[in-house]
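Residue-level structure breakdown
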Amino acid sequence: MSRDERTSAPEPAPAFVGMPAFPEAARKAVGDATLRANLRHATRTIRDKRARAVAELDDWAALREAGKRIKDETLRHLDTHLLRLEEAVTAAGGTVHWAQDAAEANRIVTDLVRATGEREVVKVKSMATQEIGLNEHLEAEGIAAYETDLAELIVQLGKDRPSHILVPAIHRNRGEIRDIFREKMARWGRPAPEGLSDAPAELAEAARLHLREKFLRARVGISGANFMVAETGTLVVVESEGNGRMCLTLPETLISVVGIEKVVPTWRDLEVFLQTLPRSSTAERMNPYTSTWTGTTDGDGPDAFHLVLLDNGRTAALADEVGRQALRCIRCSACLNVCPVYERAGGHAYGSVYPGPIGAILTPQLRGTASGIDASLPYASSLCGACYEVCPVAIDIPEVLVHLRGKVADQGGHRLEKAAVKASAWVLDHPGVLAAGERLASRTRALHPRRAPGPGARQWSESRDLPEMPAEPFRDWWRKNRT
């Protein structure tokens, strides 16, 4: 097939730019009964299976602590480990590129693809490339990027956005997926089979046949990595379908875009995470496919390998002594599956490729809190602590949420709240004023509204009544009734 005869490029999904703040986006999502049903079924199924898988290990707590310590120690000496990684990758025949931000990473990848003369690439699921909007950038440059992970394919065909770290199409049910395949597959390549039903086996077979053409034709592959081993320059991808291995071995050129926090010092360190990640994510004892590659090898795999190390706000997060623990994340998604907020609002409401509790602390650190959506994310939580309990690297997400809320408040986002707290502190320091205010409030209680007044309190009041004022202050009651 000639390049001119190839299928047209997929249309990019709408970007997250311009998303409303979390409360507004979540309110719309909560009103979608189908979405809530899909999320409730999926998250409860996954978390129940995970709990059983984790319970099989008597040393789970020790593994969790080991993962935390390895990550913390690596982050403390990140510069050293990254330089060691670069040396090892280069010695193995690869080329390392450093990208300070999304724009630089997109430029590097685009230039590398153009140098091959190709106009299309296949991709194995990569959150880093989603983070920087690589697909959209490549499309604007006339390069088609085809997702090969089943869930990512569903999202891409449907011109949708991922809503879960592990299961990007968790918000779709089987009937919706069938309709997407029937309507969209033919435009991008091999059409869905006639009479396609919503049976999982039929949907998977339709995706396999559709993707096989692209695997066999593509000369450029783009991947992420779950881990990078500094001592050998080895990259690791864990997945469940085998699509990753096809992307990593068949193309002539492989480009991997990886966040700098994904490095681990040694293979011995990697062993800990290869136990905790599968159980926390897919509730499996080990991943069906664990692919590793080190540079290039004559006659085996890609002829050229490029590693793009992505910063994009990570060093800024590293400088925050409380917030840096978010960089321990191994993208297992366990925190999403136990979060009551995520279960009801879904991933799209977070306005980021990183949804759920981890997204609520990671995204504001990577992007800052200047926008409404980013400033609202630290408040997208009930602070119940369930996310911390299941995290396999013990990220104290509630602690970071409170820390980031303080930062948002300090930047002037809550002036009225700060003024109210200051006024309350003055009243509490003057007992006479407090007593007079309490008596006045009790005597006028019949006139008090049931809902908090003012536009700023309207959202809070929609689901809450103000507490009823007692007939007299406690101090007066105590004076009359104490014996």
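Residues numbered from 1 in each chain as written. Predicted model: local features only at pLDDT ≥ 70, side-chain atom pairs only at ≥ 80, totals over all residues. Heavy atoms only, no water.

**What about the sheet that holds strand β9 (residues 289-294)?**
Ordered by their spatial adjacency, 4 strands build an open sheet running β8-β5-β6-β9, and the pairing between neighbours is mixed. At either end of the open sheet lies a strand with only one pairing partner, and these are β8 (263-264) and β9. Pairing analysis gives 6 bridges linking strand β6 (residues 234-239) to β9, with the strands arranged antiparallel. Its bridge partner lying in β9, Glu239 is registered against Tyr289. Across the sheet, helix α12 (residues 267-281) lies against β5 (227-229), β6, β8 and β9, angled at about 160 degrees from β5, the strand it touches most. (Pairing = 2+ DSSP bridges. Helix = DSSP H or I, 4+ residues; strand = E, 2+ residues; numbered from the N terminus. Contact = heavy atoms within 4.5 Å. Axes fitted to C-alpha atoms, helices over the stretch in contact; angles between N-to-C directions.)

**Looking at the packing of helix α9 (residues 174-188) against helix α10 (residues 200-217)**
At a minimum axis separation of 11 Å, α9 and α10 run at an interaxial angle of 25 degrees. Here α9 lies roughly parallel to α10, going by the angle between them. Here α9 runs over α10; the crossing is left-handed. Along the contact surface, α9 presents Arg174, Ile177, Arg178, Phe181, Met185 and Trp188, while α10 presents Pro200, Leu203, Ala206, Ala207, His210 and Lys214. Of the residues belonging to the contact of α9 with α10, the class tally is 8 nonpolar, 1 polar and 3 charged. (Parallel < 35°, antiparallel > 145°, perpendicular 65-115°, else oblique. Left-handed = near helix turned anticlockwise from the far one by under 90°. Nonpolar A, V, L, I, M, F, W, Y, C, P; charged D, E, K, R; others polar.)

**Examining the pairing of strand β4 (residues 220-223)**
Residues Val220 and Ile222 point to one face of β4 and Gly221 and Ser223 to the other, with burial holding for every one of them. Pairing of strand β2 (residues 120-123) with β4 involves 2 bridges; the strand directions are parallel. Following the sheet pairing, Val122 is matched in β4 by Gly221. As paired elements, β4 and strand β7 (residues 253-259) share 4 bridges and run parallel to each other. The partner of Ile222 across the bridge, within β7, is Ile255. (Buried < 20%, exposed > 50% of the residue type's maximum accessible area, 1.4 Å probe, protein only.)

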